[in-house]
Amino acid sequence: QVQLVESGGGLVQAGDSLRLSCAASGRTFSGYTMAWCRQAPGKDREFVAAIGWSGGTTYYADAAKGRLTISRDKAENMVYLQMNSLKPEDTAVYYCAAKDRSGTYYDSRVYGYWGQGTQVTVSS
């Protein structure tokens, strides 16, 4: 059974940092582009960041550039999202996802595997 499990969310103040983790099990995801997406209350799920299978290529939404960093440990089947200088508008449920369909990385429909999400709340 394929499983993605996120952890590391929580309640923080504006300007703080958090590191989200995603543990993949059930199969190896070393050949997949992995991504983080988020969904704020009342809004659609949106792309945040993605990382290619080798770990050498990364993609970021404009809102994430300069503050969020995606990385992966292929040997451990882990994906991370380091979030710095957090803002209240970063408040959302953050999901880890694996891309198994053709299409652009910023389109959530190309990700066929999803975790259950981890809540990040940033107070002002």
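Our structure is the block above this text.
Throughout what follows, the structure given in this document is the object of discussion. Predicted model, so just to flag it, every value in this text is computed and none were measured.

### Notes on the sheet that holds strand E8 (residues 78-83)
If you trace the 4 strands from one edge of the open sheet to the other, you get E1-E3-E8-E7, paired in antiparallel fashion. Looking at which strands have only one partner, the edges of the open sheet turn out to be strand E1 (3-7) and strand E7 (68-73). Recorded for the sheet is a direction-independent mean angle of 15° between the axes of neighbouring strands.

### Looking at the side chain of Arg-72
Examined against the element boundaries, Arg-72 turns out to sit in strand E7. Here Arg-72 occupies a buried position and makes no salt bridge, while the nearest side chain of opposite charge, Asp-73, is found at 8.2 Å. A distance of 2.7 Å separates the side chain of Arg-72 from the backbone oxygen of Tyr-32, its partner in a polar contact. A distance of 2.8 Å separates the side chain of Arg-72 from the backbone oxygen of Gly-52, its partner in a polar contact. Not counting residues within four places of it along the chain, the set of residues in contact with Arg-72 comprises Phe-29, Ser-30, Tyr-32, Thr-33, Met-34, Ile-51, Gly-52, Trp-53, Gly-55, Met-78 and Val-79.

### What to know about the pairing of E7
In summary, the side chains of a regular strand alternate between the two faces of the sheet. Burial along E7 is one-sided: Leu-68, Ile-70 and Arg-72 are buried, and none of Thr-69, Ser-71 and Asp-73, which face the opposite way, are. Here E7 pairs with E8 via 6 bridges, running antiparallel. Residue Leu-68 lies in a different strand from E8, and its bridge partner there is Met-83.

### Observations regarding the state of the cysteines
This model, assessed by the stated rule, comprises 1 disulfide. There is a disulfide in this structure between Cys-22 and Cys-96, and the S-S distance comes to 2.1 Å. Disulfide Cys-22-Cys-96: torsion about the S-S bond near -75°, hence left-handed. With a gap of 74 residues between them, Cys-22 in strand E3 (residues 18-25) and Cys-96 in strand E9 (residues 92-99) connect regions that are remote in the sequence.

### Some words on unusual backbone geometry
Phi angles above zero are rare outside glycine, and Asn-77 is one such case at about 55°. Position of Asn-77 relative to the elements: it lies in the loop between E7 and E8. The backbone phi angle of Ser-85 is positive, close to 50°, even though this residue is not glycine. Inspection of the secondary structure puts Ser-85 in the loop between E8 and E9.

### Notes on the side chain of Thr-91
Structurally, Thr-91 can be placed in the loop between E8 and E9. Within the structure, the side chain of Thr-91 is placed 2.9 Å from the backbone nitrogen of Val-122, a separation counted as a polar contact. Once you skip the residues sitting within four places of it in the chain, Thr-91 turns out to touch Ala-40, Pro-41, Gln-119, Val-120, Thr-121 and Val-122.

Calculation rules
Residues numbered from 1 in each chain as written. Predicted model: local features only at pLDDT ≥ 70, side-chain atom pairs only at ≥ 80, totals over all residues. Heavy atoms only, no water. Pairing = 2+ DSSP bridges. Helix = DSSP H or I, 4+ residues; strand = E, 2+ residues; numbered from the N terminus. Axes fitted to C-alpha atoms, helices over the stretch in contact; angles between N-to-C directions. Buried < 20%, exposed > 50% of the residue type's maximum accessible area, 1.4 Å probe, protein only. Lys, Arg positive; Asp, Glu negative; His and termini not counted. Salt bridge = Lys/Arg side-chain N within 4 Å of Asp/Glu carboxyl O. Polar contact = N/O pair within 3.5 Å; in protein donor to acceptor, adjacent residues only side chain to side chain. Contact = heavy atoms within 4.5 Å. Disulfide = S-S within 2.5 Å.

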